[in-house]
Amino acid sequence: MSDQHVAGGGHGPAGGVGGADAPGSYSAGGAGAGVPGPEGPAGPHGATGAPAPGSGDPRGQAAASEPAAAPAQGNGDTRSPAAPMIRARNLHKSFGDLEVLKGVDLDVAPGEIVAIIGPSGSGKSTMLRCLIHLEEITRGTVEIEGQAIAREIAGGAELGAGARGRAGSRVVAHAAPAPTATRQEHIPEAVIRRRCRKLGMVFQNFNLFPHKTALGNVIEGLLVVAKLSKSEAIARGEKMLARVGLADKRDVYPAYLSGGQKQRVAIARMLAMEPDIMLFDEPTSALDPELVGEVLAVIKDLAREQMTMVVVTHEMSFARELSDRVVFMDEGRIVEAASPEKLFTNPDHPRIKAFLEKML
């Protein structure tokens, strides 16, 4: 059983709906707005003991597809046509002394479906939460459609070789310089929230408001964040419920829905916010086996519509059949990223082979 840690009780750095922290709620700037927080500890998984990049171990090298580069400056929200939908470089996340993510690099192209697989505790869910700013990263760069929500930049170098200072009247030569440090650029929270509206996230435990109907859950973010009129919100909400096959559950409360129906309401809620990118955190793990298919069918429909998606999953058949690329994570690092055919039939690393033997 993997180590789990409570990170702020399931709340991300962004405030609650409407900008104020509300019990059991969070806002990721829009696409994640109007969503109750996870029930109980839902923080990141622990990860320890992975080799460092450049150590000779493939686990430390697989993630590095290119060196980290600083993007253009500025707070505009216009996407460059060449920019990936998601770009993460040197992504680190620590909780106290526990380093959960250890330098993750990931690009997601427009319309691409990326499946993230790996053992429990490898940092998969934590990575998703960092991408949507539900967890504030410790170090690294994250860009959404070319716009940074976190950026690592060069800091001031320490005093260089030959530089001298004065101690009283005596000239003192300083030691050789330390390597140039890096630091996280300050990006205003309002800018981060606005940029995160391009993302939607679906959680494994549904996170529906129990006191609101299916329609009420879907339109909450439309009313509070998108500021639609009630008639507009209801029209869009009804359309989204029909899209996931739940038009007849419009006025039903979550307590009277099956697990698969609850998850489809959660998907409809995210779709109503019209995100460009959908993140799924093990969307079928809390479901009975017979209900898994109805949720996967909705995700397959989104794939046919070329929705950009990143899906953390233990459904190996889903990852193999539907994704364009499969990423295997272990101990806070990306071990290998490849096409489904390559990763499932001829992975480069023995750790992946051992994992797949147990899962398939």
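Above this text sits the structure in question.
Being a predicted model, the structure only gives us computed values, none of them experimental.

Basis of the calculations
- Within every chain, residues take consecutive numbers counted from 1 along the sequence as written.
- Restriction of local features to residues with pLDDT of at least 70 applies here, the model being predicted, together with a cutoff of 80 or more for giving and counting side-chain atom pairs; totals for whole chains, interfaces and linings are based on all residues.
- Note that the side-chain values use all heavy atoms of the structure and ignore hydrogens as well as water.
- The helix count covers DSSP runs of H or I at least four residues long, the strand count covers runs of E at least two residues long, and both are numbered beginning at the N terminus.
- Here the term buried applies to any residue with accessible area under 20% of the maximum for its type, exposed to any over 50%, and partly exposed to those in between, with areas from a 1.4 Å probe on protein chains only.
- Here, two residues are considered to be in contact whenever any of their heavy atoms come within 4.5 Å of each other.
- In these tables, accessible area is a Shrake-Rupley quantity obtained with a 1.4 Å probe, and a residue counts as shielded only by the protein chains included in the view.
- Note on definitions: the grid is 1 Å and covers protein atoms alone; a cavity is a set of points where a 1.4 Å probe fits but cannot get out; a pocket is an open set with protein on both sides within 12 Å along at least five of seven lines; lining residues have an atom within 4 Å of a point.
- Grid points are joined across faces, edges and corners, and a volume is the space filled by probe spheres set on the points.
- By the convention adopted, Pro, Cys, Tyr, Trp, Phe, Met, Ile, Leu, Val and Ala count as nonpolar, Lys, Arg, Asp and Glu as charged, and the other residues, Gly among them, as polar.
- All axes here are fitted lines through C-alpha atoms, helices being fitted over the stretch that makes contact, and every angle between N-to-C directions spans 0 to 180 degrees.
- Reported orientations rely on four angle classes, namely roughly parallel under 35 degrees, roughly antiparallel over 145, roughly perpendicular from 65 to 115, and oblique for the rest.
- Working rule for handedness: look at the near helix, and if it is turned counterclockwise from the far one by less than a right angle, call the crossing left-handed; if clockwise, right-handed.
- Our arc is simply the arc of the directions from the helix axis toward the C-beta atoms.
- Any carboxyl oxygen of Asp or Glu that lies within 4 Å of a side-chain nitrogen of Lys or Arg is treated as forming a salt bridge with it.
- A pair of strands is considered paired only if DSSP assigns at least 2 bridges between the two.
- By this rule the span expected of a helix is its residue count minus one, scaled by 1.5 Å.

As for the overall build of the protein chain
Here is step 1: Across its full length, the protein chain carries nine helices and 16 strands.
Here is step 2: For the protein chain, the proportion of its 360 residues judged to be buried stands at 52%.
Here is step 3: Sequence separation of 24 or more characterises 69% of the internal contacts of the protein chain that already satisfy a separation of 6 or more.
Here is step 4: Accessible surface, the protein chain as shown: approximately 15700 Å² in total, 50% of it carbon and sulfur.

Things to note about the layout of surface pockets
Here is step 1: Estimated volume of the second largest pocket: approximately 240 Å³.
Here is step 2: Considering the residues around the second largest pocket, the lining is formed by 16 residues, among which H133, E136, I149, A150 and I192 are closest to the centre.
Here is step 3: If you list the elements that add at least two residues to the lining of the second largest pocket, you get β7 (147-150) and α2 (189-196).
Here is step 4: Broken down by class, the residue content of the lining of the second largest pocket amounts to seven nonpolar, four polar and five charged.

Remarks on the packing of helix α4 (residues 230-243) against helix α5 (residues 259-272)
Here is step 1: Two numbers describe how α4 lies on α5: the axes approach to 9 Å, and their chain directions differ by 135°. Taken together, the axis directions place α4 and α5 in an arrangement best described as oblique. Read as a crossing pair, α4 and α5 show a hand that is right-handed. Residue-level contacts link R236, M240, L241 and R243 of α4 to V265, A268, L271 and A272 of α5.
Here is step 2: Across the contact of α4 with α5, the residue classes break down as six nonpolar, no polar and two charged.

Comments concerning the packing of helix α3 (residues 214-224) against α4
Here is step 1: It is at 9 Å that the axes of α3 and α4 come closest, and there the two elements cross at 130°. With respect to α4, the axis of α3 lies oblique. Handedness of the crossing formed by α3 with α4: right-handed. Seen from α3, the contacting residues are A214, L215, V218, I219, L222 and L223; seen from α4, they are K230, A233, I234, R236, G237, E238, M240 and L241.
Here is step 2: Classifying every residue of the contact of α3 with α4 by side-chain character gives ten nonpolar, one polar and three charged.

Thoughts on α2
An α-helix turns once every 3.6 residues. As a result, residues three or four positions apart point the same way.
Here is step 1: Taken together, the buried positions of α2 are occupied by V191, I192, R195 and C196. The buried side chains of α2 occupy one side of the element, clustering within an arc of 130° when seen end-on.
Here is step 2: Structurally, α2 contributes buried residues whose contacts are with β6 (139-144), β7 and β12 (199-202).

Remarks on the pattern of salt bridges
Here is step 1: Considering all chains together, one arrives at 17 salt bridges under this definition.
Here is step 2: Note that R139 and E152 form a salt bridge whose closest N and O atoms lie 3.6 Å from each other. Of this pair, R139 sits in strand β6 while E152 sits in strand β8 (residues 152-154); the two residues are 13 residues apart in sequence, bridging distant segments of the chain.
Here is step 3: By relative accessible area, R139 is classed as partly exposed at 32%.

Overview of the sheet that holds strand β15 (residues 325-330)
Here is step 1: Taken together, six strands build an open sheet; the order of strands is β12-β13-β14-β5-β15-β16 and the sheet is mixed. Each end of this open sheet is capped by a strand with a single partner; those strands are β12 and β16 (333-338). Taking the axes of each pair of neighbouring strands and ignoring which way they run, one obtains an average angle of 20° across the sheet.
Here is step 2: Of the strands in this sheet, β5 (113-117), β13 (277-281) and β14 (308-312) are in contact with helix α6 (residues 289-304), which crosses β14 at around 150°.

Brief notes about α6
Here is step 1: Between its first and last C-alpha atoms α6 spans 24 Å; for 16 residues at 1.5 Å apiece the expected length is 22 Å, and the two agree.
Here is step 2: Regarding α6, the residues found buried are L291, V292, V295, L296, V298, I299, L302 and A303. In an axial view of α6, the angular spread of the buried residues amounts to 150°, which keeps them on one side of the axis. Along α6, the residues that are exposed and aim more than 90 degrees away from the buried face are E290 and R304.
Here is step 3: The secondary structure elements touched by the buried residues of α6 are β5, α4, α5, β13, β14 and α7 (316-322).

Side note on the sheet that holds strand β4 (residues 98-108)
Either a parallel or an antiparallel arrangement is found when strands of a sheet pair, and the pairing is made through backbone hydrogen bonds.
Here is step 1: With antiparallel pairing, the four strands of this open sheet are ordered in space as β4-β3-β6-β7. The two strands at the open ends of the sheet, each matched to only one other strand, are β4 and β7. On average, each strand axis in the sheet is tilted by 25° relative to the strand beside it, whichever way the strands run.
Here is step 2: In this sheet, β6 lies alongside strand β3 (residues 86-95) in antiparallel orientation, the contact comprising five bridges. In the strand pairing of β6, R87 is matched with E143.
Here is step 3: Where helix α1 (residues 124-131) meets the sheet, its contacts fall on β3, β4, β6 and β7, and the angle it forms with β3 comes to roughly 115°.

Considerations on the pairing of β16
Here is step 1: Burial runs high along β16: five of the six residues are buried.
Here is step 2: Connecting the antiparallel pair β15 and β16 is a turn made up of two residues, with E331 showing a positive phi of about 50°.

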